[in-house]
Amino acid sequence: MARLTEQQLREIDEAIGDPKETVRQLREYRRDMEFLLSNEDRLLKDYPKQWIAIYDSEVKAAAESLQSLLVAMADLGLPKGNVVVQFMDTEQTKLIL
């Protein structure tokens, strides 16, 4: 079996990152998802037909288009990979099963 070079090991380590930091970020993301789910009715009333960005268990930005939301997130310095982004659709989609 071929062995990895030191350079390859460093590249893998950089790509994976610190496992403790990854776990911390996943926990924060889960809390933000729980915030979304537990406040969905209020958020639908406050942000109808808008895109919202949730970070640290609060809505940090809202916009009518995804592109505008991404610009607002960048302006605020929010880490794209750690933000819950959701479109607050006020129309229920009916599924026929």
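What counts as what
Residues numbered from 1 in each chain as written. Predicted model: local features only at pLDDT ≥ 70, side-chain atom pairs only at ≥ 80, totals over all residues. Heavy atoms only, no water. Helix = DSSP H or I, 4+ residues; strand = E, 2+ residues; numbered from the N terminus. Buried < 20%, exposed > 50% of the residue type's maximum accessible area, 1.4 Å probe, protein only. Lys, Arg positive; Asp, Glu negative; His and termini not counted. Salt bridge = Lys/Arg side-chain N within 4 Å of Asp/Glu carboxyl O. Contact = heavy atoms within 4.5 Å. Phe/Tyr/Trp six-rings, centres within 6.5 Å; stacked < 30°, edge-to-face > 60°. Pairing = 2+ DSSP bridges. Axes fitted to C-alpha atoms, helices over the stretch in contact; angles between N-to-C directions. Core = buried A, V, L, I, M, F, W, Y, C linked by side-chain atoms within 4.5 Å.

Q: Honestly, the side chain of Asp 32 in this entry has me stumped. Any pointers?
A: Tracing the chain through its elements places Asp 32 in helix 2 (residues 19-38). One buried charged residue, Asp 32, forms no salt bridge at all, with the nearest opposite charge on Arg 31 at 6.2 Å. With near-sequence residues (within four places) excluded, Asp 32 lies in contact with Ile 54, Tyr 55, Asp 56, Ser 57, Asn 82 and Val 84.

Q: Looking at this structure, how should I read the packing of aromatic side chains?
A: The description of two aromatic rings rests on the distance between their centres and on the angle between their planes. Counted according to the given criterion, the structure contains one aromatic pair. Between the aromatic rings of Trp 51 and Phe 87, the centroid separation amounts to 5.3 Å while the plane-to-plane angle is 55°, which identifies the pairing as tilted. Highlighted residues: Trp 51 in strand 1 (residues 51-55) and Phe 87 in strand 3 (residues 84-87), separated in sequence by 36 residues. Looking at Trp 51, the relative accessible area reads 23%, which means it is partly exposed.

Q: I keep staring at the sheet that holds strand 3 and nothing clicks. Help me out?
A: Strands belonging to one sheet form pairs held by backbone hydrogen bonds; the direction of such a pair is parallel or antiparallel. With respect to topology, three strands assemble into an open sheet ordered 2-1-3, the strand pairing being antiparallel. For this open sheet the edge positions go to strand 2 (58-63) and strand 3, each flanked by a neighbour on one side alone. The sheet shows a mean angle of 25° between the axes of neighbouring strands, taken without regard to direction. Pairing of strand 1 with strand 2, which is carried by five bridges, proceeds in the antiparallel orientation. Among the inter-strand pairings, Ala 53 is bridged to a residue of strand 2, identified as Ala 61. Sheet strands touched by helix 4 (residues 66-76): strand 1, strand 2 and strand 3. Its angle to strand 2, the strand with the most contacts, is close to 130°.

Q: Help me understand the nonpolar core, please; the structure alone is not making it clear to me.
A: Most often, soluble globular proteins keep nonpolar side chains buried together rather than apart. Membership of the largest hydrophobic core is limited to nine residues, which are Phe 35, Leu 36, Leu 43, Leu 44, Ile 52, Ile 54, Val 59, Val 84 and Met 88. Only helix 2, helix 3 (40-46) and strand 1 provide two or more residues apiece to this core. When neighbours within four sequence positions are excluded, Val 84 is seen to be in contact with Tyr 29, Asp 32, Met 33, Leu 36, Ile 52, Ala 53 and Ile 54. Ranked by size, the runner-up nonpolar core spans eight residues in total, among them Tyr 55, Ala 61, Ala 63 and Leu 69.

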